[in-house]
Amino acid sequence: MQEEITEREEDENAIPIHPEADFEAMRKAGRLAADLLDYITPYVVPGARTGDLDDMLDKFTRDRGAVSACLGYRGYPRATCLSINHVVCHGIPGDKTLEEGDIVNIDVTPKLDGWHGDSSRMYCVGERVSLRARRLVDITYECLMLGIAMVKPGATLGDVGHAIQKHAEDAGFSVVRDFCGHGTGKTFHCQPSVLHFGMPGTGVVLQKGMIFTIEPMINAGKYGVKVLSDGWTAVTKDKSLSAQFEHTIGVTDDGCEIFTLSPKGLHRPPYAV
Ligand code: MF3
Ligand code: CO
Ligand code: CO
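Residues numbered from 1 in each chain as written. Chains lettered and ligands numbered in written order. Predicted model: local features only at pLDDT ≥ 70, side-chain atom pairs only at ≥ 80, totals over all residues. Heavy atoms only, no water.

Colleague: Any chance you could explain the overall build of the protein here in plain terms?
Modeller: In terms of helices and strands, the protein carries four helices and 17 strands. The C-alpha radius of gyration of the protein comes to 17 Å, within 12% of the 19 Å expected for a compact globule of 273 residues. Taken along the three principal axes of its C-alpha coordinates, the protein extends 50 × 45 × 35 Å. For the protein, the proportion of its 273 residues judged to be buried stands at 54%. A total of about 12,100 Å² of accessible surface is found on the protein, and carbon and sulfur atoms cover 52% of it. (Helix = DSSP H or I, 4+ residues; strand = E, 2+ residues; numbered from the N terminus. Rg over C-alpha atoms; globule rule 2.2 N^0.38 Å. Buried < 20%, exposed > 50% of the residue type's maximum accessible area, 1.4 Å probe, protein only. Areas by Shrake-Rupley, 256 points an atom, 1.4 Å probe, with all protein chains shown as cover.)

Colleague: Sorry if this is basic, but what is going on with the sheet that holds strand 8 (residues 174-175) here?
Modeller: Strands belonging to one sheet form pairs held by backbone hydrogen bonds; the direction of such a pair is parallel or antiparallel. Taken in spatial order, the three strands of this open sheet run 8-12-15, and their pairing is antiparallel. With partners counted over all chains shown, the strands left at the sheet margins are strand 8 and strand 15 (242-244), one partner each. Its contacts with the sheet place helix 3 (residues 131-149) against strand 12 (217-219) and strand 15, and it is angled at close to 35 degrees to strand 15. (Pairing = 2+ DSSP bridges. Contact = heavy atoms within 4.5 Å. Axes fitted to C-alpha atoms, helices over the stretch in contact; angles between N-to-C directions.)

Colleague: Explain the coordination of the cobalt ion (ligand 3) to me, please; I cannot follow it from the model alone.
Modeller: Ideal geometry at a metal gives 109.5 degrees between four tetrahedral donors and either 90 or 180 degrees between six octahedral ones. Bound to the cobalt ion (ligand 3) are the protein donor atoms Asp107 (OD), Asp107 (OD), Asp118 (OD) and Glu246 (OE), situated 2.0 to 2.4 Å from the metal. Around the cobalt ion (ligand 3), the six donor atoms are arranged such that angles at the metal cover 57 to 168 degrees; this shape is classified as irregular. For the cobalt ion (ligand 3), the donor residues sit on a single chain with the sequence spacing D-x10-D-x127-E. Between the cobalt ion (ligand 3) and the cobalt ion (ligand 2), a separation of 3.4 Å is found, and both are coordinated by Asp118. With Asp107 in strand 4 (residues 103-108) and Asp118 in the loop between strand 6 (115-116) and strand 7 (119-124), this pair connects stretches of sequence that are eleven residues apart. Residue Asp107 shares its accessibility class with Asp118, and that shared class is buried. (Donors = N, O, S within 2.8 Å, 3.2 Å for Na, K, Ca; no water. Tetrahedral: all angles 85-135°; square planar, octahedral: opposite > 155°, others 65-115°.)

Colleague: Just to check I follow, could you spell out unusual backbone geometry for this structure?
Modeller: With the exception of glycine, most residues fall at negative phi, and the peptide bonds are largely trans. Of note, the amide linkage connecting Gln191 to Pro192 takes the cis form, showing an omega dihedral of 5 degrees. Looking at the secondary structure, you find Pro192 in strand 10 (residues 190-194). Omega for the bond connecting Pro269 with Pro270 falls within 30 degrees of zero, at 0 degrees, which places this linkage in the cis form. Inspection of the secondary structure puts Pro270 in the segment after strand 17 (256-258). Despite not being glycine, Arg74 has its phi angle at roughly 50 degrees, a positive value. Positive phi, close to 65 degrees, is recorded for Lys239, a residue that is not glycine.

Colleague: What am I meant to see in helix 3 here?
Modeller: The α-helix winds at 3.6 residues per turn, so residues separated by three or four positions along the chain end up facing the same way. Here helix 3 spans 27 Å end to end across 19 residues, near enough to the 27 Å set by a 1.5 Å rise per residue. When helix 3 is considered as a whole, its buried residues turn out to be Ala133, Leu136, Val137, Ile139, Thr140, Tyr141, Cys143, Leu144, Gly147 and Ile148. (Expected span 1.5 Å × (residues − 1).)

Colleague: Honestly, the pattern of salt bridges in this entry has me stumped. Any pointers?
Modeller: Between side chains of opposite charge, pairing is possible as soon as their charged atoms come close. Applying the stated criterion across every chain yields a total of 16 salt bridges. As a salt-bridge pair, Arg27 and Glu257 come within 2.6 Å of each other at their nearest N and O atoms. Taken as a pair, Arg27 in helix 1 (residues 20-40) and Glu257 in strand 17 lie far apart in primary sequence, 230 residues in all. Using a relative accessible area of 25% as the deciding quantity, one classes Arg27 as partly exposed. With its nearest N and O atoms 3.1 Å apart, the salt bridge here joins Arg78 to Asp55. (Salt bridge = Lys/Arg side-chain N within 4 Å of Asp/Glu carboxyl O.)

Colleague: Explanation requested: the packing of helix 1 against helix 2 (residues 50-63) in the structure shown.
Modeller: Packed helices, taken two at a time, are described by their axes: the angle between them and the distance between them. Packing of helix 1 against helix 2 brings their axes to within 10 Å, and their N-to-C directions diverge by 140 degrees. Here helix 2 runs oblique to helix 1, going by the angle between their axes. As helix 1 runs across helix 2, the sense of the crossing is right-handed. Between helix 1 and helix 2, the residues in contact are Leu32, Asp35, Leu36, Tyr39 and Ile40 and Leu53, Met56, Leu57, Phe60 and Thr61, respectively. Of the residues belonging to the contact of helix 1 with helix 2, the class tally is eight nonpolar, one polar and one charged. (Parallel < 35°, antiparallel > 145°, perpendicular 65-115°, else oblique. Left-handed = near helix turned anticlockwise from the far one by under 90°. Nonpolar A, V, L, I, M, F, W, Y, C, P; charged D, E, K, R; others polar.)

Colleague: Is there a simple way to think about the nonpolar core in this case?
Modeller: One recurring pattern in soluble globular proteins is that nonpolar side chains are buried together. In terms of nonpolar packing, the biggest core is built from 61 residues, with Ile106, Phe212 and Ile214 touching the most fellow members. Setting aside residues no more than four positions away along its own chain, Ile106 makes contact with Leu37, Ile40, Val44, Leu57, Cys81, Leu82, Ser119, Ser120, Arg121 and Tyr123. (Core = buried A, V, L, I, M, F, W, Y, C linked by side-chain atoms within 4.5 Å.)

Colleague: How should the environment of Arg27 be read in this particular structure?
Modeller: C-alpha separation for the pair Arg27 and Pro263, spaced 236 residues apart in sequence, amounts to 12 Å. Among all residues touching Arg27, those that are not within four sequence positions of it are Glu20, Glu257 and Phe259. Polar side-chain contacts of Arg27 include one of 3.0 Å to the side chain of Glu20. (Polar contact = N/O pair within 3.5 Å; in protein donor to acceptor, adjacent residues only side chain to side chain.)

See below:
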């Protein structure tokens, strides 16, 4: 998965430790990801064609001098992922249109000056989203933020996964096992793998300078998923609703910095735009 030849040989299994200059680059890439998700918010309405939303996000990305890391990634055909209702992740934008009452995740990864800002949010389409779907969206957002709250030097990825899993399961929901968060930076996906379930005190011990995503996918029903014949679209096996939020973060001296926070305060629905 290594995309560029670097000066020294990088161990693909090592977790990169980034200096402050890399954090500065990630602030810019993360800010663009957040701006993209802010920008598209008023257009996520009943009747919107997913392919058109993707085109708008692709243009916004290019206008800011970046490219989408998704486009062409392992053959992926579009700039973004739009995952509606029982689609867990990697929904491919196209002719499908959003309908009143849908919940949809939009996942963007602009690559700016070689650095990746990876973030996603849920959007509620129209005014008639069911209470259960809204609750799933709320709990999933809380899962992400509870996971982020665990991040500091000396804590473990098991602490992060456990916080997410406990909150999801206490609410009667389940945590998807087949996809995880990941290190990012100059490489789209690198170590560590960030599982959204686990046991406290286990797994990788966090260190200042690590950069990774947390991106829990929470299902209203069981956690099983399957990938459709297009090779990308992941759906819940039991057709239950699924939600996801994602931030890219960096470990600091006493906690973490979120690179992909919304400048407009559009953290979770309902978005006042
Ligand atoms: N942005 C997704 C992630 O969070 C990856 C999408 S890869 C794609 O890791 F090819 F499906 F776009
Ligand atoms: Co990601
Ligand atoms: Co993403």
